[in-house]
Amino acid sequence: MSETFSGIARDGAARAGVLRTAHGEVPTPAFMPVGTKGTVKSVDPDELRALGAGIVLGNAYHLHFRPGEELIAELGGLHAFMGWDGPILTDSGGFQVFSLRDTLLEVDDDGVTFRSVYDGAPERFTPELAARVQERLGSDVAMCLDICLPAGTDRSELEEAVRRTTLWAQQQRDLPRAPGQLRFAITQGGLDGELRRRSSAELVALGFDGYAIGGLSVGEHREPMFDATTEAAAFLPEEKPRYFMGIGDPEGVLEVISRGVDMFDCVLPTRTARTGSALTREGRLNLRNARFARDQRPLEEGCPCPACTRFSRAYVRHLVNQQEILGLRLLSLHNLRFLLDLVAAARRAIERGEFLSWKEEALEGAKGAM
Ligand SMILES: [Zn+2]
């Protein structure tokens, strides 16, 4: 086992371990709340810590344009800037560039040209820029620039994306990094088993601190997505951490853990909160529903979050309907706690060697929470 990652327990393909970073250790499997613009929307760092978050995600695309990595570096780096002294993973910006399809201008072997969502000006991301932005931000884990394509892309285009993603990772691999910063490569290949294996094998041959499974959860059906996860993970080394990008529903999280994934991120808990919904063991509750008007129970019985320990569903419903900021905050705190607790329970089940039976039971109730 490497210094960066060590396994503690294994149950089938599922693993419990520890990721070591310059700002502390992260027990895995780990859910990473998303702080796109240097904040997990409406939740402060002390609250994040109390909810059980061990690592948060920042977004190089957005921070590069607003307020800019040089300004953040001048103010002491992203940890100091956002008041979070725990581990931070930053994505490279590739996902934003390629998911905002109508802003794309040109892709070549050296990078990608696109229009910024902020002012429409033509901009260019290259492996050099991705390395430099993340070096200046000072994150603990930096990601390689990659090409992420939507579901349904034809094979020749996927193959070209795999080729360029490897080429860019090779260019980014040895560039300067922040002290102690880890660098993860991102595998691509869509749902094509052969391309997934090729992408994993090529990136592993280059040698990185960890590997992400990218280009999934982009609009495809669930079963083929899980199969592709198995294919992608099969060629990744045991001793390195594996990160599935962009999954956060209860079923999805447990399914990727069962396939050997250690880390994942998603905006789902906070986005769901903004739609007025709570994640619970019995499924998703839409607090706008009139049936909660006189419901004195907490969002979830027994949940230790700030929303459930003090407030009723009826009160949260009132706040949501009146678009009060506290309603959004309480739902965000609860939803983050729900997912972080689910993943912590998964870790304990792996340690006990009971992950599969525990997972079936956990998903019985949570089916509606997807
Ligand atoms: Zn709660």
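Residues numbered from 1 in each chain as written. Predicted model: local features only at pLDDT ≥ 70, side-chain atom pairs only at ≥ 80, totals over all residues. Heavy atoms only, no water.

## Focus: the side chain of Glu-300
Positionally, Glu-300 belongs in the loop between strand 16 (283-286) and helix 12 (306-310). Glu-300 sits in the buried class, given a relative accessible area of 5%. (Helix = DSSP H or I, 4+ residues; strand = E, 2+ residues; numbered from the N terminus. Buried < 20%, exposed > 50% of the residue type's maximum accessible area, 1.4 Å probe, protein only.)

## Digging into the coordination of the zinc ion
Each protein donor to the zinc ion is listed here as Cys-303 (SG), Cys-305 (SG), Cys-308 (SG) and His-334 (ND1); together their distances run 2.1 to 2.3 Å. For the zinc ion, the four donor atoms in the first shell make angles of 100 to 116° at the metal, so the coordination geometry reads as tetrahedral. As a motif over one chain, the donors of the zinc ion read C-x1-C-x2-C-x25-H. Taken together, the residues Cys-303 in the loop between strand 16 and helix 12 and His-334 in helix 14 (residues 325-352) connect sequence positions 31 residues apart. (Donors = N, O, S within 2.8 Å, 3.2 Å for Na, K, Ca; no water. Tetrahedral: all angles 85-135°; square planar, octahedral: opposite > 155°, others 65-115°.)

## Describing the sheet that holds strand 3 (residues 24-28)
Reading across the sheet, the three strands line up as 1-2-3 and stay open at both edges, with antiparallel pairing between neighbours. Each end of this open sheet is capped by a strand with a single partner; those strands are strand 1 (5-11) and strand 3. The average angle at which neighbouring strand axes cross in this sheet is 10°, direction not considered. Most of the contacts of helix 14 go to strand 1, to which it runs at about 70°, and overall it touches strand 1, strand 2 (14-21) and strand 3. (Pairing = 2+ DSSP bridges. Axes fitted to C-alpha atoms, helices over the stretch in contact; angles between N-to-C directions. Contact = heavy atoms within 4.5 Å.)

## Observations concerning the environment of Phe-184
With respect to the secondary-structure elements, Phe-184 resides in strand 11 (residues 182-187). In this structure Phe-184 comes out as buried when scored by relative accessible area, which is 0%. Separated by 77 residues in sequence, Phe-184 and Val-261 place their C-alpha atoms 14 Å apart. Sequence-distant contacts of Phe-184, that is, excluding residues within four places in its chain, are made with Leu-19, Val-141, Ala-142, Met-143, Cys-144, Phe-208, Asp-209, Gly-210, Tyr-211, Pro-241, Tyr-243 and Met-263.

## Considerations on the packing of aromatic side chains
As enumerated under the stated definition, the model contains eleven aromatic pairs in all. A ring pair is formed by Phe-208 and Tyr-211, whose centres lie 6.3 Å apart and whose planes are at 85°; its orientation type is edge-to-face. Grouping residues by exposure puts Phe-208 and Tyr-211 together as buried. In textbook terms, an aromatic cluster arises when at least three aromatic residues are bridged by ring pairs, as seen for Tyr-61, Phe-65, Phe-114, Tyr-118 and Phe-125. Its guanidinium or amino end placed over the ring of Trp-84, Arg-49 lies 4.4 Å from that ring's centre, counting from NZ or CZ. (Phe/Tyr/Trp six-rings, centres within 6.5 Å; stacked < 30°, edge-to-face > 60°. Lys NZ or Arg CZ within 6 Å of the ring centre and 35° of its normal.)

## Describing the sheet that holds strand 4 (residues 30-35)
Taken in spatial order, the eight strands close into a barrel running 4-5-6-10-11-12-13-14, and their pairing is parallel. For this sheet, the mean angle separating the axes of adjacent strands, direction not counted, is 30°. The pairing of strand 11 with strand 12 (residues 210-213) spans four bridges and is classified as parallel. In the strand pairing of strand 12, Phe-184 is matched with Gly-210.

## Digging into the pairing of strand 11
Burial analysis of strand 11 places six of its six residues in the buried class, the great majority of the element. Neither face of strand 11 is open: one carries Leu-182, Phe-184 and Ile-186, the other Arg-183, Ala-185 and Thr-187, and all of them are buried. One ladder, built from three bridges, connects strand 10 (residues 141-143) with strand 11; its direction is parallel. Across the sheet, the residue bridging to Met-143 is Phe-184, located in strand 11. At this point the chain moves from strand 11, through helix 8 (residues 193-206), to the parallel strand 12, and the crossover so formed is right-handed. (Right-handed = clockwise from strand over helix to strand, strands pointing away.)

## Some remarks on helix 8
Between its first and last C-alpha, helix 8 extends 20 Å over 14 residues, near the 20 Å set by a 1.5 Å rise per residue. Taken together, the buried positions of helix 8 are Gly-193, Leu-195, Arg-196, Ser-199, Ser-200, Leu-203 and Leu-206. The buried residues of helix 8 occupy one face: seen down the axis, they fall within an arc of 170°. Against the buried residues of helix 8 lie helix 7 (155-173), strand 11, strand 12 and helix 9 (222-234). A positive backbone phi angle near 85° is found at Gly-207, which sits one or two residues after helix 8. (Expected span 1.5 Å × (residues − 1). Arc of directions from axis to C-beta.)

## Some details on the pattern of salt bridges
The tally for this structure, following the rule as stated, stands at 35 salt bridges. Arg-222 is the partner of Glu-251 in a salt bridge, and the nearest nitrogen-oxygen pair spans 3.6 Å. Of this pair, Glu-251 sits in helix 10 (residues 250-258) while Arg-222 sits in helix 9; the two residues are 29 residues apart in sequence, bridging distant segments of the chain. Note on Arg-222: relative accessible area 29%, which makes it partly exposed. The salt bridge partner of Lys-359 is Glu-360, with a shortest N-O separation of 3.5 Å. (Salt bridge = Lys/Arg side-chain N within 4 Å of Asp/Glu carboxyl O.)

Function cannot be inferred from these measures alone, as they are strictly geometric.
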